[in-house]
Amino acid sequence: MYTSPVTVGNVTIPNRIWLAPMAGVSDLPFRLLCRRQGAGLAAMEMISAKAVCYGNRATIGLMKTLPEEAPVSLQLFGHEPEFMAEAVRRIEDEPYDLLDINMGCPVPKITGNGEGSALMRDPGLIEQLVRSAADNTRRPVTVKLRLGFDEGHKNVLECARAAEAGGASAVAIHGRTREQMYSGKADWTLIGEAVKELSVPVIGNGDVTDGVSAKKLFDETGCAAVMVGRAARGNPWVFREILGYLDRPEHPEPARPDREELARMILRHGALAVEYKGELTAMREMRAHVAWYLSGFPGASKLRAEAGQLSSYRDLEVLVGKIFPPLD
């Protein structure tokens, strides 16, 4: 059951291990790599519903997708139902499989505008936002929540019920409050409670780093799928490894990629980034990705400093050549 298909609305997703939406991380090149490693669903970086309505050029760039990565989920954020409805209407003919509304982002510049996890202060508005999207698309609409805005207000069950009442086809829950950001340990208890209360699929998120933790989240909560977020940064293999473990949990987890596979992945990632973003932007963004790929590698701090100077694909090739054996 862990790796079998799951249906959300009218969309069937091939397995239950998904890439979470991450601003500045889950762009097109990275999503392609994760899908090739087995991620059942790739979620895009969140984009502003209002920016979609205004035709913002940078936003349009973030919305690019390819048939190869389907199924794919486009994540919108905003707090005004009229803009959410208009944004959804404008993209109705675009090739997205699901639409997700971000109600979990903890970043102050988002919550300060009453968006992201700040929406959890107003379950009534959550219902309105979901309805404004669901009434204007043929696609399933999903939402991403946290446990609550802070420790004193863990109202995720109320918010999840409001989302379902508005027409949500699934609800994803990160097992931390907005106040926690990404610190401390994720609490999965309320994810399990939501599974019992809702009639739509509940997706668990938070501290899934390998096959063992993914199975534990499934077993403790009964969730329909799990999302992998930060553990996928610099590690698209995590999906292959989790699926391999879940298929045969009595066996040790699959071996980590060797040095040559790691080198090839970094270069493949860089080449895709150049193809879709241009060399200058691609290499600027690859600086962070390379640092994640090299996490835990001997001499990583010095290598990260070199990665921070990348300005061309040739620079990337030279850096990889210093670290790894020559590639064919």
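Residues numbered from 1 in each chain as written. Predicted model: local features only at pLDDT ≥ 70, side-chain atom pairs only at ≥ 80, totals over all residues. Heavy atoms only, no water.

## Quick word on the overall build of the chain
- Scanning the chain from terminus to terminus reveals 14 helices and eleven strands.
- Seen along its three principal axes, the alpha-carbon backbone of the chain occupies a region of about 60 × 50 × 35 Å.
- A burial count over the chain gives 57% of its 328 residues as buried.
- Relative to all contacts within the chain whose residues are 6 or more apart in sequence, the contacts with residues 24 or more apart total 67%. (Helix = DSSP H or I, 4+ residues; strand = E, 2+ residues; numbered from the N terminus. Buried < 20%, exposed > 50% of the residue type's maximum accessible area, 1.4 Å probe, protein only. Contact = heavy atoms within 4.5 Å.)

## Digging into the side chain of Ser 169
- With respect to the helices, strands and loops of the structure, Ser 169 is situated in the loop between α7 (156-165) and β9 (170-174).
- Among all residues touching Ser 169, those that are not within four sequence positions of it are Val 8, Gly 9, Pro 140, Val 141, Val 200 and Pro 201.

## Quick word on the pairing of strand β10 (residues 202-205)
- Taking every second residue as pointing to the same face, both faces of β10 are buried, with Val 202 and Gly 204 on one and Ile 203 and Asn 205 on the other.
- For the handedness criterion, the β-α-β arrangement of β9, helix α8 (residues 189-197) and β10 is classed as right-handed.
- Across three bridges, the pairing between β10 and strand β11 (residues 225-228) is parallel. Its bridge partner lying in β11, Asn 205 is registered against Met 227.
- Tracing the backbone out of β10, into helix α9 (residues 211-221) and back to the parallel element β11 gives a crossover that is right-handed. (Right-handed = clockwise from strand over helix to strand, strands pointing away. Pairing = 2+ DSSP bridges.)

## Focus on helix α14 (residues 313-323)
- Within the sequence span of α14, burial applies to Leu 316, Leu 319, Val 320 and Ile 323. Projected down its long axis, α14 carries its buried residues within an arc of 95 degrees, all on one side. The exposed residues of α14 that point more than 90 degrees off its buried face are Arg 314 and Lys 322. (Arc of directions from axis to C-beta.)

## Topic: helix α12 (residues 279-293)
- Its 15 residues place the ends of α12 19 Å apart at the C-alpha level, agreeing with the 21 Å of an ideal helix rising 1.5 Å per residue.
- Maximum bend of α12: about 35 degrees, positioned at Met 286.
- Taken residue by residue, α12 has Ala 282, Met 283, Met 286, His 289, Val 290, Ala 291 and Tyr 293 as its buried positions. (Expected span 1.5 Å × (residues − 1). Bend = angle between axes of the 7 residues up to and from the residue.)

## A few points about the side chain of Thr 65
- By the element assignment, Thr 65 lies in the loop between α3 (57-62) and β6 (72-77).
- A distance of 2.6 Å separates the side chain of Thr 65 from the side chain of Glu 69, its partner in a polar contact.
- With residues up to four places along the chain from it excluded, the contact list for Thr 65 reads Leu 28, Arg 31, Val 72, Pro 95 and Tyr 96. (Polar contact = N/O pair within 3.5 Å; in protein donor to acceptor, adjacent residues only side chain to side chain.)

## Quick notes on the pattern of salt bridges
- Following the criterion strictly, the structure yields 20 salt bridges and no others.
- Among the ionic pairs, Glu 260 bridges to Arg 264, the shortest N-O distance being 2.9 Å. With Glu 260 and Arg 264 both in helix α11 (residues 259-277), this residue pair falls four residues apart, about one helical turn.
- On the accessibility criterion, Glu 260 (34% relative accessible area) is partly exposed.
- We note a salt bridge from Arg 314 to Glu 317, for which the minimum N-O separation is 3.4 Å. Here Arg 314 pairs with Glu 317, and both are found in helix α14, just three residues apart, close to one helical turn.
- Owing to a relative accessible area of 53%, Arg 314 belongs among the exposed residues under this scheme.
- Where salt bridges share partners, they join Asp 27, Lys 277 and Glu 285 into one cluster. (Salt bridge = Lys/Arg side-chain N within 4 Å of Asp/Glu carboxyl O.)

## Observations regarding the pairing of β6
- Burial analysis of β6 places six of its six residues in the buried class, the great majority of the element.
- Of the two faces of β6, both are covered, the one formed by Val 72, Leu 74 and Leu 76 as well as the one formed by Ser 73, Gln 75 and Phe 77.
- As defined by bridge partners, strand β5 (residues 47-48) adjoins β6 across two bridges and the pair is classed as parallel. Opposite Ile 47, over in β6, you have Leu 76 as the bridge partner.
- Here β6 runs beside strand β7 (residues 98-103); their pairing, made up of four bridges, is parallel. Bridging from a neighbouring strand, Leu 76 pairs with Ile 101 of β7.
- In this fold, β6 hands off to helix α4 (residues 81-90), which returns the chain to β7; that crossover is right-handed.

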